[in-house]
Amino acid sequence: MGPRRGADVVTQEPQPAGLIFDEPLSWRAGKPIPTGELLRRLDTLSNELREMDQEETDKDSLAKVGKELAGQNLLQHKDKGVRAFTACCLVDILKLCAPDAPFTGTQLKDIFTLFITSILPALSDPSNAYNTQHKYVLVSLEEVKSIVLVTDIPTAEVLTVHLFVNFFDIISGSSKASTGEQISKDVEYHMTQMLVTLVDEYANLPADAIDTIVAQFLRAANPPGPSKKKGDSKVEDNQSTLLPKEVPEAYNMAQTICNMLPEKMARYISQYFNDVITDVSTANGTKSNGHRRMSDAVDSDDEANTIGSTEADMGELRKAHRLLRELWRASPLVLQNVIPQLEAELSAENIQLRLLATETLGDIISGIGAAGPPPPPTMDPSAYPPVKLEDYPSTPISSSVLTTPLSPQSFSEAHPGVYRSFVARKNDKSSVIRSAWTTAVGWILITSAGGIGLKSEDLNTLVKGLGEKLNDGDEKVRIAAIRVIEGFSFRDVMEKLAPNGGVSKAGSVLSTLADRARDRKHAVRSEGMTVLGRLWGVAAGEIAEGNEAVTAALGPIPSRIFDSFFTNEKEIHVLMGHVMFEQLLPLGYPPIKAKGSKLANSNSQSQSTVSEPFDADKIRTERILLLVQSLDSKSKKGFFAMQSWQLPFATIVTKFIDQCKEFNGGIMDENAKEIKKKLDRVVNYMADFLPDPLKTNADLHKYAKLHNRRSYELLRFAMALESDFKTVHKAIKEFSKIIEVAPGAPAGMLETLIPVIYRCSSLVYNRSHLPAILQFARSDDKGLGSTAYEIMNEISEKNPQIFTANIKDLCKSLEDEAPSKAKANDIGTVETLKACAVFARSRPKEIPHDRKFVHALINFALYGTPPKAAKYAISILMAATDRKEMHVKDLLERTTTDWEFGGDHFLTKLAAISQLSLLEPKIAEDVSDEILDITTTQLLLKVRTGVKNTDHNWQDDATLDEECQAKCWAMKALVNRLRATEEPEKAKNLSVPVFKLLNTLVFKEGELSGPNATPKHHKSRLRLLAAQLILKLCTRKIFDELLSPVAFNRLSFVAQDMNANVRRGFIEKLQKYLVKNRLPPRFHTIIFLTAFEPEIDFHNSIITWIRSRAKVLAKSHTMESIFPRLISLLAHHPDYSSEPNDLLDHARYIVYYIKTVASEDNLALIFKYAQRVKSVQDGINLSESDNLYILSDLAQTLVRKWEEKKGWSMQTWPVKINLPAGLFKALQSHDKAQEIAETTYLPDSIDSKLDDLVRDAEKKKQSKRKATDGDSHSIAKKHKSESKPRPTKGPATKREQPVKFSKTPKPKRENSADFSTPAASSVDRRRSGRGASARKSYADRDDSDDDEEMLNGVAKWDYFDKNDNPIEPEPEDEAIIFETIEEEAEDKPQTPDKGPTSKIDIDEPEPEEPAPPKSNGKITARSKAKQSKPTPSPKAVRSRPAKAKQKAVSEEVELPAVKSAVTRTRGPRVKQKIMSKEVESPIRKPKSPAAKAKAPLKVAKPKARAKGKKDIYDMDESDS
């Protein structure tokens, strides 16, 4: 019966679909389901489960199949397919039943064991037949989050750790597929997300799982790529493509976990780090109570010291800190709890913890990870074309992403407190920490804080800190700072260091780096000088192109390097050779490969266009010229001195090679003993020039035993002047290879031989370079013309043989540029003339003799500009013509006839007259009257330039007016005429007026025509030239004997002239003659008057020179023998006084001598000379013998104190010594000698001051004290002393009694009005207080700093005009008028006096000493008192030889004709008209005694000479 119509229909809800699959999946024991059938059933079930929806599925229907799937039969089935399909079915059931799994805890454990140990690890092989099922399981577990169920099972930690390990191994490739197929990205993604889910689900992730995660970041420490040997940090260019360009996949997975869960991972990372620290601390046994401080237990300078930490513990600690570096790069947020722990480590007592923390924070800030820093930049000074500044990358370039610096955020902003604590570590007590900090700061600067950039204040702070570490007290820190700068690229240096100041700016980082080239420690010097040289070599291209910023910052580097030459240390000289030929002028520059495409890609310093041919010799020559152009005057001398070694060393090495051939490797048939003896002699001689004589001796002998004949020939090729540079370079390269591979060559032999090769090889003065030098000289290309001329002159003087092939080209250029009456020559031609003149002197036969060239030289002699051109032209002419007499007569006639001041080419004619008088004196004698008329009547006796208040004290050569030039040439003409005279008697007669002229100019400070008649700049030039000409004359023994002790003393005081240019010009000329052994030893005395030289650099160079000279003359004891002469000179110094404060100044002279000359070996000899002076009397002025005795006692006391300070043991000198006759005379009796010996002349009050003086003599960089410092010679003391009368110089009667000085003022000397004591301002120069502290500094470590305290208080001199108005001193140029040393044809030097050999009892007549000349602008208290005090009583007046009264004569100087003036040297005085009145100095004027007593201390104003008093130059020669 059907339903009723209209009845309600009941709607039933659809029932959840149940599982249709009903086939059995389990079996009884012994009756298993076949594997194939089982796979089919599981596949069917899997497909059905995959299609079922969670919301529409009857979960109860899954219970049966779920139970079967969780059974051991399927979970542990031996077939992989069964297990794979079972896993697929299980993950579907977990998905359908979520969130409640239909399994028991045991079943879940078994299920996830299958997943984690079997299914998921199989993903490592994408080629697996069941890889689809494996991926399905992975995706389902991750997407459904079923993996979280693992946290609920009993063995969750084990399975979790296993899962983490497997996943990271799979991703990292530790489990490789058989086919090598890579894991797909989707698998990597799902794995990562699964791990993220697990980390997020765990309240406390297992520690091993955390270790596994963080370990992935350390994969960056050993990235896959090209294998490298241990210690080799560089990767070859052809292997750079093998380096990873991306981070490892496992690294990415760990990074994703950290970045997705930063808070949780931060907690885990913090705990991990704490555990490591705790483990190490526990192993160390550190306790808070009773534990000794780390600084007490560990030497802070020993990096290897530990406190009981095992190597394994420290390895874990280092590993943890490496991890932090990489974590900062990957996920900085996870370190928010760890960074404060690093800050705590910075303050830990454990030095290794502080070290790790410092290094780690430095790398973190720099963005440097576990793989280490980026490779160093390419800084190749031999690269060609030179890389431009703009071509350098702004950030470090790395071929690997792992070594590319990367910082995700600014550390200083994220952790400001920790950053400040890190910066403060620069002052850590441990040098190890300071070194690490310095290295870290370097990387921060190089990487710009990991690419984030630095604030300007942070940048300045770090740069300043780096500069401070360059001056650190520990050499390891200084070396670390230098190596940091070595890692800077060219752009880094210019952008980060140069703004702090260039090399020439004191206190800047670059300047401090340059100071390290003279560091006391050789290791520091080596590093510093090498880095400096490399910087300049790389920057040379930009400097050549005129980049002003680069030139200002790095241009002075060569000067700072070659300044080190004057330290005279063998280690430095060897180091300079390496730097010069490996950094500044690399032997491989320019590389031949530069011919290729590289040359066309950039503009080179030698080639502005691509079309120019590649000329390696020209390119290298330009680098040489650029280097010399970058040198200042002092360093240029060092550079040229190094080049001058080439010929002497080539001679030595040639002799060595000859001896090696005779030695024949030790196999000799006859004369073996003699041959070996000769070899030993040569080897010992060579070893003396190198730092380690023992090693050098051994290596040279071993080289001789090698007996490699090919190496002998290569050395000859390298030394030969005929070899071009290419040949020399190839010879050195091949020689090096032979020594390196020689079977019997010991390690280090090449290191010994290379410095010798550098010195003897033709590397700079090479025939290949000369054509390019000539080309630059003519064209002045890039402004290198003057430098080319300079080098050309050096070559012509030191290596003239090189010019042989090019002399004809030089002479041809002179022909083309010859001047005429209407046409002037080019100014630069004078340098070519000079070079040819020097060459002609040594090789006259090589000079062309053709008529055209001779005519050109005559034109230069008559019309050349500047006047020196005439001088050089005549020197060449004497070698270029066979008709000398004719040309000389013609030139003399044309130059002397109708000569007048201001006429056409009058200066050129004067120069020609001067040179002809020297080279052809016999012919010039015919026109001697005309020459004397021109030089004296028309020039020297007239003043055409009026005196002005605005006159400068000095004028440069370029601005010197013509009158002063003419007078200088006139003086040279007179001196040359005298020098050319060979007959001794005639020379003596001619010398009288010449010496009188020169001495007058020295004595009257350049004045010759009357009181205040000559302009100041004329006077400065004339007195300098007069002093230099006296030195030149004294190079001949006959003229030296005519320079009396009185005149010698006056000449000596030029070393203390008021004008710095005069002082420098005189001292440099003196040094040059002494070095060439052309002056007698007594002239060494003058150099010690520079004790108070105010120009620090000049003063330091003098000290270095003295020490070098003392070493050279050590065997002859020359420097010791002049000590009595120095005492005599000081006894007659115008500033001498027996007052204790003034004696202290004289003590400074003696300390200056002792400090530069004395050694433990010669101190006894110096002491004996000081004692010997007390056994004689003054040979110049008997009445002032007490001065000698006071200074003798002073010298003995200082020597004793020096001995005590140094801890030396001074024995009695066993050899008898003599004193120079003339300066000293024998005493009248033995009783008198005994009385003097028993008398103490030195006041007791000075002893403590001498202690201070000796103690402070070698303090470095002592700070200047204020003028009011009570321990120094302050201005207040000077004013105070002025009011006291000068005590008489009387000796104490007995040694036991205290010395008492009479209150009676000392009488004025005869002619005391003729002299003025120094200007007030120079008291500051002569006296200086000792600094308040001796703070240690490494800013400059050369020995010349020892005397800086002597210069304390030197600020400036005050100058006043004749109206007492203060005036500013003019800038002083160091140029000297018309340099006459190298330019003139010199006579052969006479054998100088070898020392004081004459007996003391020889009574050589000496003129009595008038008042000494004015010194260098100094004024002393005693001179003020002397001018204002009343006339002393007759008892206080010392007896002086009576002098004849002088008749009044005119103020005009009248120099008599030479022939009539020299007819007698003894006999009645001849009246001469030479300056009857004292010349009024432009800065001094007379004052009444009363006014002087009240006047403030400003400047000395001498009295006019008293009537009837005589000056020595107002006398006939017979009077002296």
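Residues numbered from 1 in each chain as written. Predicted model: local features only at pLDDT ≥ 70, side-chain atom pairs only at ≥ 80, totals over all residues. Heavy atoms only, no water.

Observations concerning helix α10 (residues 249-260)
Between its first and last C-alpha, α10 extends 16 Å over twelve residues, near the 16 Å set by a 1.5 Å rise per residue. Of all the residues in α10, the buried ones are A250, Y251, M253, A254, Q255, I257 and C258. (Helix = DSSP H or I, 4+ residues; strand = E, 2+ residues; numbered from the N terminus. Expected span 1.5 Å × (residues − 1). Buried < 20%, exposed > 50% of the residue type's maximum accessible area, 1.4 Å probe, protein only.)

Some remarks on the nonpolar core
If you look at the biggest cluster of nonpolar residues, it comprises 408 residues, and the most contacted ones within it are F112, F115 and F1083. Those residues in contact with F115 that lie beyond four places of it in its chain are A87, L90, V91, L94, L120, P121, V137 and L141. Residues L355, V432, I433 and A436 belong to the second largest nonpolar core, which totals five residues. (Core = buried A, V, L, I, M, F, W, Y, C linked by side-chain atoms within 4.5 Å. Contact = heavy atoms within 4.5 Å.)

Quick word on the environment of R1172
With respect to the secondary-structure elements, R1172 resides in helix α56 (residues 1163-1173). In this structure, the C-alpha to C-alpha distance between R1172 and S1192, residues 20 residues apart in sequence, is 8.3 Å.

Section: unusual backbone geometry
Excluding glycine, most residues fall at negative phi; most peptide bonds, likewise, are trans. Of note, the bond from Y589 into P590 is cis; its omega dihedral lies within 30 degrees of zero at -10°. Among the secondary structure elements, P590 is positioned in the loop between α26 (570-584) and α27 (597-601). The step from T865 to P866 runs through a cis peptide bond, and the omega angle for that step is -5°. By secondary structure assignment, the location of P866 is in the loop between α40 (851-863) and α41 (868-880). Even without being a glycine, N664 presents a positive backbone phi close to 55°. For N664, the location among the structural elements is in the loop between α30 (646-663) and α31 (672-687).

Let's talk about the environment of G785
Its place among the elements puts G785 in helix α37 (residues 785-798). Linking G785 and E831, residues 46 residues apart in sequence, is a C-alpha distance of 10.0 Å. Aside from chain neighbours lying at most four places away, what touches G785 is F776, A777 and D780.

Quick word on the packing of aromatic side chains
Evaluation of the coordinates by the stated rule reveals 26 aromatic pairs. Centroid distance Y384 to Y589: 6.0 Å. Interplanar angle 75°. Geometry classified as edge-to-face. With a gap of 205 residues between them, Y384 in the loop between α15 (351-366) and α16 (411-414) and Y589 in the loop between α26 and α27 connect regions that are remote in the sequence. Judged by its relative accessible area of 3%, Y384 is buried. Ring centres of F1088 and Y1152 lie 6.3 Å apart, and the angle between their planes is 80°; this geometry places the pair in the edge-to-face category. One end of the pair, F1088, is in the loop between α51 (1060-1075) and α52 (1096-1112); the other, Y1152, is in helix α55 (residues 1140-1157), with 64 residues separating them in the sequence. For F1088, a relative accessible area of 0% corresponds to the buried category. Feature note: the residues F565, F566, W645, F649, Y685 and F689 constitute an aromatic cluster, connected by ring pairs. The lysine or arginine in question, R623, covers the ring of Y589, its NZ or CZ lying 4.0 Å from the ring centre. Lying over the aromatic face of W969, K972 brings its terminal NZ or CZ to 4.5 Å of the ring centre. (Phe/Tyr/Trp six-rings, centres within 6.5 Å; stacked < 30°, edge-to-face > 60°. Lys NZ or Arg CZ within 6 Å of the ring centre and 35° of its normal.)

Some thoughts on the pattern of salt bridges
Scanning the model with the defined rule gives 51 salt bridges in all. The residue K1201 makes a salt bridge to D1247 at a minimum N-O spacing of 3.2 Å. Placement of the pair is K1201 in helix α57 (residues 1185-1206) and D1247 in helix α59 (residues 1247-1255), with a sequence separation of 46 residues. Each of the salt bridges in this network shares a partner with another, and the network as a whole consists of E23, E37, R40 and R41. (Salt bridge = Lys/Arg side-chain N within 4 Å of Asp/Glu carboxyl O.)

Observations concerning the side chain of E345
Turning to its location among the elements, E345 is positioned in helix α14 (residues 339-346). Nearest to the buried, unbridged E345 among oppositely charged side chains is R325, at 9.4 Å. Within the structure, the side chain of E345 is placed 2.7 Å from the side chain of H321, a separation counted as a polar contact. Apart from residues no more than four positions distant in its own chain, E345 is found in contact with F273, I277, H321, L353, R354 and A357. (Lys, Arg positive; Asp, Glu negative; His and termini not counted. Polar contact = N/O pair within 3.5 Å; in protein donor to acceptor, adjacent residues only side chain to side chain.)

With respect to the confidence of the model for the protein
A residue-level look at the protein finds 76% of positions with pLDDT of 70 or above and a mean pLDDT of 77. Every residue in residues 225-242 is under pLDDT 50, and counting partners more than four places away or in other chains gives twelve contacts. Scored below 50 in pLDDT, residues 1260-1520 shows 645 contacts in the model against residues more than four places distant or in partner chains. (pLDDT = per-residue confidence, 0-100.)

Section: the packing of helix α45 (residues 928-940) against helix α46 (residues 962-979)
Between α45 and α46, the shortest axis-to-axis distance is 9 Å and the interhelical angle comes to 145°. Handedness of the crossing formed by α45 with α46: left-handed. Of α46, the residues touching α45 (which contributes S928, L932, T935, T936, L939 and L940) are A966, K967, A970, M971, A973, L974 and R977. The class makeup of the residues in the contact of α45 with α46 is eight nonpolar, three polar and two charged. (Axes fitted to C-alpha atoms, helices over the stretch in contact; angles between N-to-C directions. Left-handed = near helix turned anticlockwise from the far one by under 90°. Nonpolar A, V, L, I, M, F, W, Y, C, P; charged D, E, K, R; others polar.)

Topic: the environment of I433
Assignment of secondary structure puts I433 in helix α18 (residues 431-447). When sequence neighbours within four positions are dropped, the list of residues in contact with I433 reads I351, R354, L355, T358, R425 and D428.

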